[in-house]
Amino acid sequence: MTASRPTRPTGSLPENTPIRTLGAHAFDFSKRVAVMAVVNRTPDSFYDRGSTFGFDSAVAAALAAVADGADIIDIGGAPFAPGPELPVADEVDRVVPVIAAIRESSDVVISVDTFQPEVARRSIEAGADLINDTTGLRNPEMATVIADSSAGIVITHSLAAPRTVYAKPSYRDVVGEVIEFLRRQANMAIDAGIPPERIILDPGHDLNKNTMHSLELTRRFSEIAALGYPVLAAVSNKDFVGETLDRKRDDRVAGSLAAAVVAIMNGARIIRMHNVRPAVDAARMTEAILGFRDPAYLRHNMGERND
C-alpha cells in the first residue's frame, strides 16, 4: 500500500517563493531546507575558539562538512562580535585561499561571512557563491559588488557597527522592527541592481538582541518568512540557547537543534549550524514530517520482517 501524502502544513514557506540557484545548485525552498556549515578562520570565534584558524584545519573542516551533508559552507575571517578591527588585507588572506582550495575539491555552495566589500569582491573572484553580510548591506558599496556579480546576498539584521559594543538593545516589537529593516534593505538591494532571486534574509539571532528577543524571533519566524524571500536561521550554539537552558558553549547542540526545527516549522529554509551531521538529520526529518520529502525507505509494518 502506498503511504498517503500529508496536506501542506500551515506555517510553510509562501507559495510564491521561487526555486533559487546558488552556485552550481538549485534549491526548491518550497520543500527543501539547506544546511549551512560554519567554518571560522579566526583565532577568536565564539564557538570553535580557533580550532579551524589554520589553513589546513579550515579546508579539512569544510570538506568534512560536505561529506556530512552540508549544502553550503560559510567561511568567516573576521567576527562580528566586539573586538579589534581586522585589516581588510588580512581578512582576504584568511578566506580567499580556503575558498580556492574548497572549490578545487567540491562544487558545494560557498558563502563568505563578511561586511567588507573588498573581501566580498575578492571572494567572489575566487569562487564564492554567496556573501553573508551581518550588517545587512549598511555599506552601499557592498550592494554594488553583489550587483556586479552573479553571487547571492544574505541580508542580516543588526544594529551596531561590527566589532563594537551595543549595550542593552531595546525594541518596542523586535519582530516588527526586524521585518521593517529587512524589507527596507531588500528594497535597497533591488534598487542597487541585485535581482530579488539572489536575496536571502536573516533576522540575526543574538546580534544586538537579548535572549528574550531571540526566542521571540524564533517563535514568530513565520512573520519574517512571509516577506517572501528565503530566510536563514543562524541559531547554532548561540547565547540565547545557553541562557535558556543554562548550558555552556560546548553543551548547546540539543537546544540548537530544537531552535532550528522550530524555525524550519515556521518557514526557515536555511539553517546555519556548527554541528553538521545532526543538523542535516534534523532538517531531513523535519522535511519528512512536513510532507516535503519521502522517507529514505519504508519497511516497518509494510509486510516485511522487522528484525
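Fair warning: this is a prediction, and the values are worked out from it, not measured in the lab. (Residues numbered from 1 in each chain as written. Predicted model: local features only at pLDDT ≥ 70, side-chain atom pairs only at ≥ 80, totals over all residues. Heavy atoms only, no water.)

Some details on the overall build of the chain
And then number 1: A count of helical and extended segments in the chain gives 10 helices and 10 strands.
And then number 2: Relative to its length of 307 residues, the chain is compact, with a C-alpha radius of gyration of 19 Å against a globular reference of 19 Å.
And then number 3: Once the C-alpha set of the chain is aligned to its principal axes, its extents read approximately 65 × 45 × 45 Å.
And then number 4: Counting only residues that meet the buried cut, the chain has 53% of its 307 residues in that class.
And then number 5: Taken as a whole, the chain presents about 13900 Å² of accessible surface, with 52% of it coming from carbon and sulfur.
And then number 6: Averaged over its 33 positive side-chain charges, the chain has a centre that lies 4 Å from the centre of its 40 negative ones. (Helix = DSSP H or I, 4+ residues; strand = E, 2+ residues; numbered from the N terminus. Rg over C-alpha atoms; globule rule 2.2 N^0.38 Å. Buried < 20%, exposed > 50% of the residue type's maximum accessible area, 1.4 Å probe, protein only. Areas by Shrake-Rupley, 256 points an atom, 1.4 Å probe, with all protein chains shown as cover. Lys, Arg positive; Asp, Glu negative; His and termini not counted. Charge placed at Lys NZ, Arg CZ, Asp CG, Glu CD.)

Focus on the pattern of salt bridges
And then number 1: Going through the model one piece at a time under the given rule, you end up with 14 salt bridges.
And then number 2: For Glu 180, the salt bridge is made with Arg 183, and the minimal N-O distance between the two is 3.3 Å. You can see Glu 180 and its partner Arg 183 sitting in helix α5 (residues 174–191), three residues apart, about one turn around the helix.
And then number 3: What emerges from the salt-bridge pattern is a single network uniting Asp 173, Glu 216, Arg 220 and Glu 223. (Salt bridge = Lys/Arg side-chain N within 4 Å of Asp/Glu carboxyl O.)

Here we look at the packing of aromatic side chains
And then number 1: Scanning all chains against the criterion turns up one aromatic pair.
And then number 2: Judged by centre distance (5.6 Å) and plane angle (5°), the ring pair of Phe 27 and Phe 29 falls under stacked.
And then number 3: When its relative accessible area of 4% is taken as the criterion, Phe 27 is described as buried.
And then number 4: In this structure, Arg 299 packs its charged tip against the face of Tyr 297, placed 4.4 Å from the ring centre. (Phe/Tyr/Trp six-rings, centres within 6.5 Å; stacked < 30°, edge-to-face > 60°. Lys NZ or Arg CZ within 6 Å of the ring centre and 35° of its normal.)

Here's the deal with the confidence of the model for the chain
And then number 1: In the predicted model, the chain carries a mean pLDDT of 91, and the fraction of residues at 70 or more is 90%.
And then number 2: This stretch, residues 1–16, has a pLDDT under 50; its non-local contacts, to residues over four places away or in other chains, come to 27 contacts. (pLDDT = per-residue confidence, 0-100. Contact = heavy atoms within 4.5 Å.)

A short note on the environment of Val 262
And then number 1: With respect to the helices and strands, the residue Val 262 is situated in helix α9 (residues 253–265).
And then number 2: For the pair formed by Val 262 and Ser 105, sequence separation is 157 residues and the distance between their alpha carbons is 34 Å.

Focus on the environment of Ala 160
And then number 1: Structurally, Ala 160 can be placed in the loop between β7 (152–156) and α5.
And then number 2: In this structure, the C-alpha to C-alpha distance between Ala 160 and Arg 103, residues 57 residues apart in sequence, is 33 Å.
And then number 3: Beyond its immediate sequence surroundings of up to four residues, Ala 160 is in contact with Phe 80, Tyr 166 and Asn 208.

Brief notes about the pairing of β7
And then number 1: Most of β7 sits out of view: five of its five residues are buried.
And then number 2: Residues of β7 alternate between two faces, with Gly 152, Val 154 and Thr 156 on one and Ile 153 and Ile 155 on the opposite face, all of them buried.
And then number 3: Where strand β6 (residues 130–133) and β7 come together, four bridges link them in parallel fashion. In the strand pairing of β7, Leu 130 is matched with Gly 152.
And then number 4: With helix α4 (residues 140–147) bridging β6 and the parallel β7, this β-α-β connection has right-handed handedness.
And then number 5: The parallel pair β7 and strand β8 (residues 199–202), bridged by α5, forms a crossover whose chirality is right-handed. (Pairing = 2+ DSSP bridges. Right-handed = clockwise from strand over helix to strand, strands pointing away.)

Some points on α5
And then number 1: Here α5 is 18 residues long and its end C-alpha atoms lie 26 Å apart, about the 26 Å a rise of 1.5 Å per residue gives.
And then number 2: Restricting attention to buried positions, one finds in α5 the residues Val 174, Val 175, Val 178, Ile 179, Phe 181, Leu 182, Gln 185, Ala 186 and Ala 189. The buried residues of α5 occupy an angular sector of 165° when the element is viewed end-on, so they sit on one face.
And then number 3: Residues of α5 that are buried sit in contact with β7, β8, α6 (211–219) and α7 (221–225).
And then number 4: Positive backbone phi, approximately 105°, marks Gly 193, located one or two places after α5. (Expected span 1.5 Å × (residues − 1). Arc of directions from axis to C-beta.)

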